[in-house]
Amino acid sequence: QVQLVESGGGLVQPGKSLRLSCAASGFKFSAYAMNWYRQAPGKERELVATIGSTGSMTNYGDSVKGRFTISRDNAKNTVYLQMNTLKPEDTAMYYCYNRAFPSYWGQGTQVTVSS
């Protein structure tokens, strides 16, 4: 059974940083690209970042480019999202996701950026 468990969210002031983690299980983690999505209240889910199976390829949404960094540790079956220079508009629930298993979403981790 595919499981995705996000952690690391919280309340942070604008300009600060957070690092999110997602522990994956139930599939061969090192064989798949992984994604981070986010969803703010009243808005559609938005793709934040993608990383290839080996970590050599990364892509970012325009709104986070230059501020967020996605990475992975295949030995730990974990994908990370380093978020720097956070803005209030980054406030959302953040989810990791594997498109090869479209039915499976984790519970998410809430990020709130506010002074």
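The structure we're discussing is the one just above.
All figures in this text were calculated on a predicted structure; none of them were measured in a lab.

What counts, and at which threshold
- Residues numbered from 1 in each chain as written.
- Predicted model: local features only at pLDDT ≥ 70, side-chain atom pairs only at ≥ 80, totals over all residues.
- Heavy atoms only, no water.
- Phe/Tyr/Trp six-rings, centres within 6.5 Å; stacked < 30°, edge-to-face > 60°.
- Helix = DSSP H or I, 4+ residues; strand = E, 2+ residues; numbered from the N terminus.
- Buried < 20%, exposed > 50% of the residue type's maximum accessible area, 1.4 Å probe, protein only.
- Lys NZ or Arg CZ within 6 Å of the ring centre and 35° of its normal.
- Salt bridge = Lys/Arg side-chain N within 4 Å of Asp/Glu carboxyl O.
- Disulfide = S-S within 2.5 Å.

Draft legend 1. The packing of aromatic side chains, seen in detail. Scanning all chains against the criterion turns up eight aromatic pairs. Relative to Tyr 97, the ring of Tyr 37 lies with its centre 5.6 Å away and its plane at 90°, an arrangement referred to as edge-to-face. Taken together, the residues Tyr 37 in strand β4 (residues 34-39) and Tyr 97 in strand β9 (residues 92-97) connect sequence positions 60 residues apart. For the pair shown, Tyr 37 and Tyr 97 are each scored as buried. Joined through ring pairs, the aromatic side chains of Phe 27, Phe 29, Tyr 32 and Phe 101 make up one cluster. It is Arg 45 that lies over the ring of Trp 105; its NZ or CZ is 4.1 Å from the centre. Residue placement shows Arg 72 over the ring face of Phe 29; its charged tip is 4.3 Å from the ring centre.

Draft legend 2. Structural context of unusual backbone geometry. With a phi angle near 55°, Asn 77 is a residue other than glycine that sits in the positive phi range. Within the secondary structure layout, Asn 77 lies in the loop between β7 (68-73) and β8 (78-83). Its identity as a non-glycine residue notwithstanding, Thr 85 has a phi of 45°, on the positive side. Tracing the backbone through its elements, the reader meets Thr 85 in the loop between β8 and β9. The exposure class of Thr 85 is partly exposed, given its relative accessible area of 45%.

Draft legend 3. Looking closely at the pattern of salt bridges. Summed over the entire model, instances satisfying the criterion amount to four salt bridges. Note that Arg 38 is salt-bridged to Asp 90, the shortest N-O span being 2.9 Å. In this pair, Arg 38 sits in strand β4 while Asp 90 sits in the loop between β8 and β9, placing the two residues 52 residues apart along the sequence. Of the residues examined, Asp 90 reaches a relative accessible area of 0% and is grouped as buried. Taken together, the shared-partner salt bridges in this structure form one network comprising Arg 38, Glu 46, Arg 67 and Asp 90.

Draft legend 4. Examining the state of the cysteines more closely. This structure, assessed with the given rule, holds one disulfide. Two residues share a disulfide in this structure: Cys 22 and Cys 96, whose sulfurs sit 1.8 Å from each other. Highlighted residues: Cys 22 in strand β3 (residues 18-25) and Cys 96 in strand β9, separated in sequence by 74 residues.

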